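Residues per chain, in single letters:
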Amino acid sequence: MHDLTLTELSNALQQRKFSSVELTRHFLERIKRYDGQLNSVITLTEELALQQAQLADSRLQQGTADALTGIPILHKDIFCTKGIKTTCGSKMLDNFIAPYNATVIDKFESAGAVMLGKTNMDEFAMGSSNETSYYGAVKNPWDIQAVPGGSSGGSAAALAARLAPMATGTDTGGSIRQPAALCNLVGLKPTYGTVSRYGIIAYASSLDQAGPMTHTAEDAGLLLNAMAGFDGKDSTSLERPPEDYTRHLQDSLKGLRIGLPQQYFGDGLNADVAQQLETAIAVLKQLGATVKTVDLPNSHLSVPAYYIIAPAECSSNLSRFDGVRFGYRCENAVDLMDLYKRSRGEGFGAEVKRRIMIGTYALSAGYYDAYYLKAQQIRRLISNDFKQAFQEVDVLLSPTSPTPAFNIGEKVDDPVTMYLSDIYTIAINLAGIPALSIPAGFVQNRPIGLQLIGNYFSESRLLNIAHQYQQQTNWHQQIPSAFT
Ligand SMILES: NC(=O)C[C@H](N)C(=O)O
């Protein structure tokens, strides 16, 4: 059951080949059997899952089932889940039971999906390796010496090991796409504002966006159908008519104009990754696409601009964790200042503290113009680069990450090197445009990803290209040998 696509699972459920309860038990058992090695799940919601599966089975019997009804899902532990621990990978929220559901959680519930549990992640989504979690590092099922990527590393590892057939992630600077690339998955970051941020613990609000993590582009389209849509409870949610993101999957790629940003293929890109991408580009050419080099002249500024804007926004967002209202509170505080200082000092991990300090500094009087304002101006230049490129080509193609998964511990003492893991993903968040990563082969037995970047609202076109590519390749069907 665990090697089927969502459409295959849905058909099997409709045809009563197995029930949702049986399917749910199968994945719960896999989690129990394998997650000791991976550490991908923080909270298992077994009882709730079986209740939801029973409900789904009655919907299937009554003929009121949707595409995802009865199919199990794992959610990144950044989504608030009513009555269920929601930690965001932090000691600060280790005791936090969310009093309400994120809109995304509600949407999956009404679609009839079955929640298996909540996945491990970098603390407050800050990281590219899932090593900053209070709950310990997540291991990559392709090689347990390797990181799964981050910050949605738990969702990625669980999905790659077939502990669930679908999962959610969030992406502020690459957190869906980079772990998808490192774990051989499809990961899609939609256009900013497509998926409601209501009930998603905020990191950098002008960049955060939730999206699907799956094995195939078709599956990602089905998930996005369930996740997307206007929500009055999120002021940045876009009011647009609903669309079926799978509607263009079968379209031909004849005449598709692909741009290769020259800055994304230069120094710093692992030579074997570059070579593997050449093979992928050849496949797309065979399907009728034409390829040309394009220029994104401000690319080198994206990491520095991001590491001002994201910490600035996080320093503001994370000021709500004060030991007073919810979350971790230090013991025996002598006065209010002591309560604030020690609750925050003891509740946050090192990477979160680093970013709060950078952000607070960048926003402080006298430095605002030099850092934050400047970074916002650069953000506009980066966005203009994409605008210009999309006048020449339909989509851009690049590596998702400069290297395959690195080893656990390899970069923890060097934050700047760690930040460079997202060098090809960050500019997309700064511009607010959509991008996805798809499996594109292996380098030294570790998976690599290919990133497709589109203009605003081009998700269905990106999924079309990814789907056509997946008809010609079988990278996405590989299962790591220890988890077959
Ligand atoms: N949250 C993300 O999208 C990951 C990025 N590496 C960050 O640490 O900010």
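Keep in mind the model is a prediction, meaning the values are calculated, not measured.

**Brief notes about the UniProt feature "active site" (unreviewed entry) in the protein chain**
Here comes step 1: Per the UniProt record, the feature "active site" (unreviewed entry) sits at K76, S151 and S175. Separation in sequence by 100 residues is not matched in space for these annotated residues, since their most distant C-alpha atoms are only 11.0 Å apart. Residues that both appear in the annotated list above and line the largest cavity are S175.
Here comes step 2: Taking the relative accessible area as the measure of exposure, K76 reaches 0% and is therefore buried.

**Re empty space enclosed by the protein**
Here comes step 1: Tallied over the full model, the rule gives four cavities of 30 Å³ or more.
Here comes step 2: Considering only enclosed or pocket space, the largest cavity measures out at about 70 Å³ in volume.
Here comes step 3: Contributing to the lining of the largest cavity are 14 residues, with A125, G127, S175, Y306 and D422 lying nearest its centre.
Here comes step 4: What the second largest cavity holds in volume is close to 50 Å³.
Here comes step 5: Around the second largest cavity, the lining residues are Q52, I73, H75, I105, F108, E109, A113 and M115.
Here comes step 6: Only strand 2 (72–76) and helix 4 (103–111) provide two or more residues apiece to the lining of the second largest cavity.

**Some points on the environment of R355**
Here comes step 1: As for its position among the elements, R355 is in helix 11 (residues 350–363).
Here comes step 2: Excluding anything up to four places from it in sequence, R355 contacts M126, G127, Y203, Y307, P311, C314 and Y419.

**Observations concerning unusual backbone geometry**
Here comes step 1: Of note, the bond from G150 into S151 is cis; its omega dihedral lies within 30 degrees of zero at 10°.
Here comes step 2: Summarising the element assignment, S151 is placed in the loop between strand 3 (114–119) and helix 5 (153–160).
Here comes step 3: Positive phi is not limited to glycine here, since A125 has a value of about 70°.
Here comes step 4: Inspection of the secondary structure puts A125 in the loop between strand 3 and helix 5.
Here comes step 5: Non-glycine residue N184 carries a positive phi angle of around 70°.
Here comes step 6: By the secondary structure assignment, N184 is in the loop between helix 6 (177–182) and strand 5 (186–189).

**A closer look at the layout of surface pockets**
Here comes step 1: Taken as a whole, the largest pocket holds about 370 Å³ of empty space.
Here comes step 2: Lining the largest pocket are 19 residues, with Y100, I200, I201, A202 and R320 sitting closest to its centre.
Here comes step 3: Across the lining of the largest pocket, the residue classes tally to 10 nonpolar, four polar and five charged.
Here comes step 4: Quantified by volume, the second largest pocket comes out at close to 310 Å³.
Here comes step 5: Breaking the lining of the second largest pocket down by element, the ones donating at least two residues are helix 6 and helix 9 (302–317).

Cut-off values and rules
Residues numbered from 1 in each chain as written. Predicted model: local features only at pLDDT ≥ 70, side-chain atom pairs only at ≥ 80, totals over all residues. Heavy atoms only, no water. UniProt positions renumbered as here; feature names shortened; annotations may be inferred. 1 Å grid on protein atoms, 1.4 Å probe; cavity = no way out; pocket = protein on both sides within 12 Å on 5 of 7 lines; lining within 4 Å. Buried < 20%, exposed > 50% of the residue type's maximum accessible area, 1.4 Å probe, protein only. Points joined across faces, edges and corners; volume = space filled by probe spheres on them. Helix = DSSP H or I, 4+ residues; strand = E, 2+ residues; numbered from the N terminus. Contact = heavy atoms within 4.5 Å. Nonpolar A, V, L, I, M, F, W, Y, C, P; charged D, E, K, R; others polar.

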